[in-house]
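Chain by chain, the residues:
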Amino acid sequence: MKGWGIILLLFVFNVTFAQSTRVRGKVTDAKTGEVLPLVSVVFKGTVVGIATDFDGMYSLETRESVSEVEASLMGYISQKVKITPGAFNTVDFALEPQAFDLDEVKVTPGENPAHAILRNVIRNKSRNSRSALSEYYCQTYTKMELDLTNINPGFKNKKLQKNFGFIFNHMDTSVVTGKAYLPVMISESSADYYFRKSPSLSREIVKASRISGIEEDYTLAQFTGHLHVNINLYDNFIDIFEVRFASPLADHGRMFYKYFLIDSMNIDGRKTYKIRFHPKAFSTPVLDGEVNIDSTTWALQSAHVKMVKGLNVNWIRHLVLDNENYLVNDSVWFPKQDKIFADFSIFMSDSAKMVSFLGHRQVDYSNVRLNPGIPKEVARMDNNVMINSGVLKNDEQYWESVRPYDLSAKEKSIYGMVDSVKNVPLYQTFYDMVSMALGGYYNAEYLEFGPYYKLVSFNDQEGCRFQLGTRTTTDFSRKFRLSGYGAYGLKDHKWKGGGGIECAFRELPTSKLNVVFKHDMVQLGAGVNALTESNILSSVFSRGSDDRLTMVNQLDINFEQEWKQGCSNAVGIQFREIFANEDVPFESPDGSKFSTISSTVVHLNTRLSKNEIIVRKPFDKYSLGSDYPILSLDFAAGIKGIFKNDYEFYRLVASVDYDLQISPIGTSEFFLTGGKIFGKVPYPLLKLHEGNATYFYDSYAFSCMNYYEFASDAWFSFFYEHHFKGFFLGKIPLLKKLKWREVFVFKGLIGTLANKNNGNLEDTEAVLRFPAGLGSVSKPYFEVGLGIENIFRLFRIDAIWRLTHRKEAVGQDIQNFAVNISVNLNF
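Small disclaimer: the values here were computed from a predicted structure and weren't measured.

Caption draft 1: Quick peek at the pairing of strand β42 (residues 781-791). With 9 bridges connecting them, strand β41 (residues 741-752) and β42 associate as antiparallel partners. Paired with Gly748 across the bridge in β42 is Phe782. Sheet topology places β42 next to strand β43 (residues 795-802); 7 bridges connect them, and they run antiparallel. Looking at the pairing, Ile788 lines up with Ile797 of β43.

Rendered as C-alpha cells:
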C-alpha cells in the first residue's frame with residue numbers, strides 16, 4: 001500500500017489478536033428483562049474482569065488460559081458459562097434475583113467514598129504519573145493493525161470472488177463491536193525510549209519497523225512507534241485523533257463525571273478499589289468506563305474507558321482505551337501495556353452496513369530502568385522520534401526475539417496476504433483511481449498526468465482555458481522528477497506552459513535542488529493558501545475580481561538543505577519578467593509606459609521548528625504540525641546589474657505559526673508575519689497584501705480585501721482563528737444534535753509606504769504610478785468573522801465583516817461583508 005492507504009495508517013492504530021480469548025455480551029434481569037449496569041464479569045480464575053456499562057454491555061479479552069466467564073451482582077445469583085478458548089464468544093447473562101431477609105437498615109447521608117479516593121489519586125499524581133518521574137528508560141514493542149468490517153464474504157460479484165475470494169480465510173470477529181473484520185495491514189516496531197523531566201527530554205529511537213506491503217519507506221517508520229499517540233490518564237485532557245477528552249483522573253474531573261465505588265478487590269496481594277465513572281454532560285468530549293486504584297499508593301493500576309455515544313466527534317463510531325500498570329522496584333507504578341481500539345466510519349450508527357475501518361494499537365513496555373542517565377548521543381539528538389539506520393533490515397528471527405508474545409497464525413499470514421492482494425490487477429486499477437481522486441494525478445507507471453482539477457478553468461483574460469500536465473513517477477526515478485505542462489486560452493489565443501526538474505539528494509534530512517520555469521498568467525498578491533489561478537474551483541467560486549492577472553516569465557532555482565530535523569535553510573535565485581496589460585499598467589510619473597518589469601532576486605530562508613511531525617515522500621513533504629511555534633525568516637536581495645535587474649533592494653520577512661490548545665474551549669490558531677523592504681522598487685515588487693477574489697475561505701488572506709487594494713514596504717499582519725469545537729452550541733438542546741462547531745475569526749494589517757515607493761502621491765518619486773485602487777494601509781485594516789463548521793461533518797461557512805476602510809474607492813469595488821465556504825475533514 002502507498003499514497004492514501006499510507007496516510008490512513010498514520011491516524012489508525014490497532015492490535016487485534018486472533019489467538020486471544022474474546023467475550024462480548026449483555027447482562028439483564030431474568031424476570032424483568034431490564035439491563036443490569038455495574039455487574040462484575042470476570043474470566044473465572046483470573047483478575048481479568050470488568051463491570052457492565054449503563055446499557056448492561058461488557059467485553060473482555062485475554063491471552064491467559066481460560067474456559068469460563070462469570071457474572072455476579074449483589075442481590076442476584078451468580079452465573080458461570082463455558083466458553084471456547086482462543087476464539088470470539090458471545091455470552092449474554094440473565095441473572096436471577098436472590099431474596100434476603102434483612103433487619104431494619106438506616107441510611108444516612110455522607111460523602112461519596114469514590115470522591116475521597118479520587119482526591120488521594122490527584123494528591124499523589126506527582127509521584128505516580130510517569131511524566132512526573134525525574135528520569136527513566138524503557139523498551140517498547142508497538143503493534144498496529146488496520147481492518148475492514150462489514151464485508152460480506154458471500155458477495156455475488158464473480159469477478160471479485162475470482163480475484164479476492166482468498167482473503168476471507170483471514171476474517172475474524174471484534175470483541176468491541178461484535179462484527180466480523182478482515183485484516184488488511186499490520187505493522188510492528190521496536191524502540192528505545194528515554195525520558196527526563198528537567199531539562200525536558202523525550203526521545204524515541206525506533207530500532208526496527210516493518211509494515212505489511214511496504215518494503216522501503218524509512219519516513220513511515222517514525223509513525224510506527226508509540227509517541228505519536230501517547231496517552232496518560234493522569235493528564236487533565238487526553239489528546240487523541242485531534243480530540244481532547246476530559247480525563248476521568250483530571251484535577252477537576254467532578255465537573256465532567258459522576259463516580260461510583262463499586263468494588264474492592266485483591267490484585268497480586270494488594271487491595272484495589274474499582275471505580276466506575278459516567279459523564280454528566282456531552283458538550284465536552286468525555287469518556288465512560290472504570291479505573292482500578294491501588295489502596296496503598298493511590299496509583300492507577302488499570303483502566304478500561306470508552307467514548308460515549310452522542311459526542312460532537314466525527315468519523316469515530318467506537319473508541320476504547322485500555323491501560324495496565326505494574327510496580328517497578330516495588331516503588332514506582334509504570335505502564336505495562338496500552339491499547340487503543342477505534343472504529344472509523346462514514347455512518348455513525350451501529351446498524352450501518354457500509355464498509356468501515358477498525359484500527360487497533362498495542363504498546364508493551366519492558367526493561368524499565370529508573371534514573372539510568374541519558375547517554376550523550378541521545379541528548380544531542382534533534383527530534384523526539386529518531387530512526388535507526390538499520391530500521392528496515394531485520395529478519396523474522398529478530399522479530400520473534402523482541403515480541404512479548406507469539407503472533408497467531410492469522411496475524412503472521414497478514415504479511416503474505418497483503419502482498420498477494422497487491423499482485424491482483426483489479427486491486428491496482430482500484431488503487432490508481434483512488435490515488436488520482438486524492439492526489440490529482442493519474443498514474444501510468446513511469447508518468448502521471450494531471451492534475452485533473454486544472455484541465456479546464458476560466459477567467460476574464462483567458463476565457464476558457466485548457467491545461468494538461470505530466471510528471472515522472474518514483475517508478476521512473478526516486479532521485480529526480482521531471483514535470484511539464486501546457487495551456488491554451490480560447491479568448492486571448494495564447495499558449496502558456498512550464499516545466500521543471502527536482503533532484504532529491506537525500507530524503508532524511510532533506511537535501512533537494514528544484515529548477516522550475518513558467519510562462520503563464522499569475523495573480524500577484526495571492527495568499528499562500530489561495531486556490532491557484534488555473535484551478536477550476538477558483539473559477540467556480542470567483543466573486544468577479546479575477547481581471548488583474550499578469551503574464552510572467554519566471555525561472556526559480558532553489559536548493560533546500562535540512563541540517564537536522566527542525567532546522568533547515570533554502571537558498572535560491574529568481575529571474576522574473578512581468579508583462580504589463582491594460583488592467584495592470586506600468587506607467588512612470590512622467591507618463592512614459594513600460595512593457596515589462598524585470599527582477600533578479602536571490603534569497604535565503606531559515607525555518608525552525610521543534611518536534612514537528614512531517615510526512616516525507618521522495619520529492620514532497622507535508623507538515624502535520626507541532627505543539628510549539630514554527631518560525632520562518634526570509635532574506636531577499638535584488639542586485640542591480642545582474643541580468644535584466646534594474647532595481648537594488650533588500651527584503652526581510654519573518655513569520656510565526658502556532659496552534660494553542662485551550663481545553664475544554666477549543667484551539668486558537670495564530671499566524672503572525674511582518675516585513676520590511678529597503679530600497680526603491682516598482683509596485684509589483686512591493687508587498688501586495690493578500691486579497692481573496694473567491695468565495696472559498698483562505699486562512700492566510702483577507703476575505704473582504706481585493707487584489708491590488710493595498711501595498712506596503714513595511715508591514716505587520718496577523719491572522720487569528722479560534723475553534724470552539726461545539727463548546728457553546730453543544731449546550732443548546734435543538735442545535736447540539738446537528739453537531740455544529742463555532743469559529744471566531746479576527747485578522748488585521750498595518751503597513752507604511754515611503755514616499756519614494758508611494759505611487760499614489762501627486763508629485764511621486766516612485767518608479768511607477770499605482771494602478772487605480774491601489775493605496776497605503778497606514779490606517780489599520782481589520783476584519784472579523786463568525787463561522788459554523790462541521791456542517792454535515794464536511795463544510796464550513798464564515799460570515800466576515802470589514803471593520804475599517806469601508807468607504808468606496810476609485811478603482812475598487814469595496815466589499816464590506818463576505819460569505820466564505822470551505823471543506824474540512826476533522827475528527
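Further notes follow.
Caption draft 2: Structural detail: the pattern of salt bridges. Under the definition given, this model contains 31 salt bridges. The structure contains a network of salt bridges with shared partners spanning Glu462, Arg465, Asp492, Lys496 and Asp520.

Caption draft 3: Focus on the pairing of strand β25 (residues 456-459). Residue alternation in β25 divides its side chains into a buried set, Ser457 and Asn459, and an unburied set, Val456 and Phe458. Counting the residues that bridge the hairpin from β25 to strand β26 (residues 463-472) gives 3 residues.

Caption draft 4: Region of interest: the sheet that holds strand β3 (residues 49-51). Pairing within the open sheet is antiparallel, and its 4 strands lie in the order β3-β2-β5-β6. Two strands lie at the open edges of the sheet, namely β3 and β6 (79-82), each paired on one side alone. With strand direction ignored, the average angle separating the axes of adjacent strands in the sheet is 15 degrees. Relative to strand β5 (residues 68-72), strand β2 (residues 40-43) is paired through 4 bridges, and the arrangement is antiparallel. Bridge pairing in β5 links Val41 to Ala71.

Caption draft 5: Examining helix α2 (residues 113-123) more closely. Inspection of α2 places Ala114, His115, Ile117, Leu118, Asn120 and Val121 among the buried residues, and these make up the whole buried set. Along its buried surface, α2 packs onto α3 (125-128), β15 (257-267), β16 (270-279) and β17 (287-294). The backbone nitrogen of Ala114 lies 2.9 Å from a side-chain oxygen of the residue at the head of α2, namely Asn112.

Caption draft 6: The arrangement of unusual backbone geometry in detail. Residues Ser198 and Pro199 are joined by a peptide bond in cis, for which omega reads -10 degrees. Looking at where Pro199 falls in the secondary structure, it is placed in the loop between β11 (180-196) and β12 (201-211). The amide bond that connects Gly450 to the next residue, Pro451, takes the cis arrangement and shows omega of -5 degrees. Turning to its location among the elements, Pro451 is positioned in the loop between β24 (447-449) and β25. Although it is not a glycine, Leu38 sits at a positive phi angle of roughly 65 degrees. Positionally, Leu38 belongs in the loop between β1 (21-29) and β2. When its relative accessible area of 25% is taken as the criterion, Leu38 is described as partly exposed. The phi dihedral of Asn367 falls on the positive side, at around 50 degrees, and the residue is not glycine. Note on Asn367: relative accessible area 38%, which makes it partly exposed.

Here is what the cut-offs are and how they apply
Residues numbered from 1 in each chain as written. Predicted model: local features only at pLDDT ≥ 70, side-chain atom pairs only at ≥ 80, totals over all residues. Heavy atoms only, no water. Pairing = 2+ DSSP bridges. Helix = DSSP H or I, 4+ residues; strand = E, 2+ residues; numbered from the N terminus. Salt bridge = Lys/Arg side-chain N within 4 Å of Asp/Glu carboxyl O. Buried < 20%, exposed > 50% of the residue type's maximum accessible area, 1.4 Å probe, protein only. Axes fitted to C-alpha atoms, helices over the stretch in contact; angles between N-to-C directions. Contact = heavy atoms within 4.5 Å. Polar contact = N/O pair within 3.5 Å; in protein donor to acceptor, adjacent residues only side chain to side chain.

Keep in mind that these numbers describe shape and distance, not what the molecule does.
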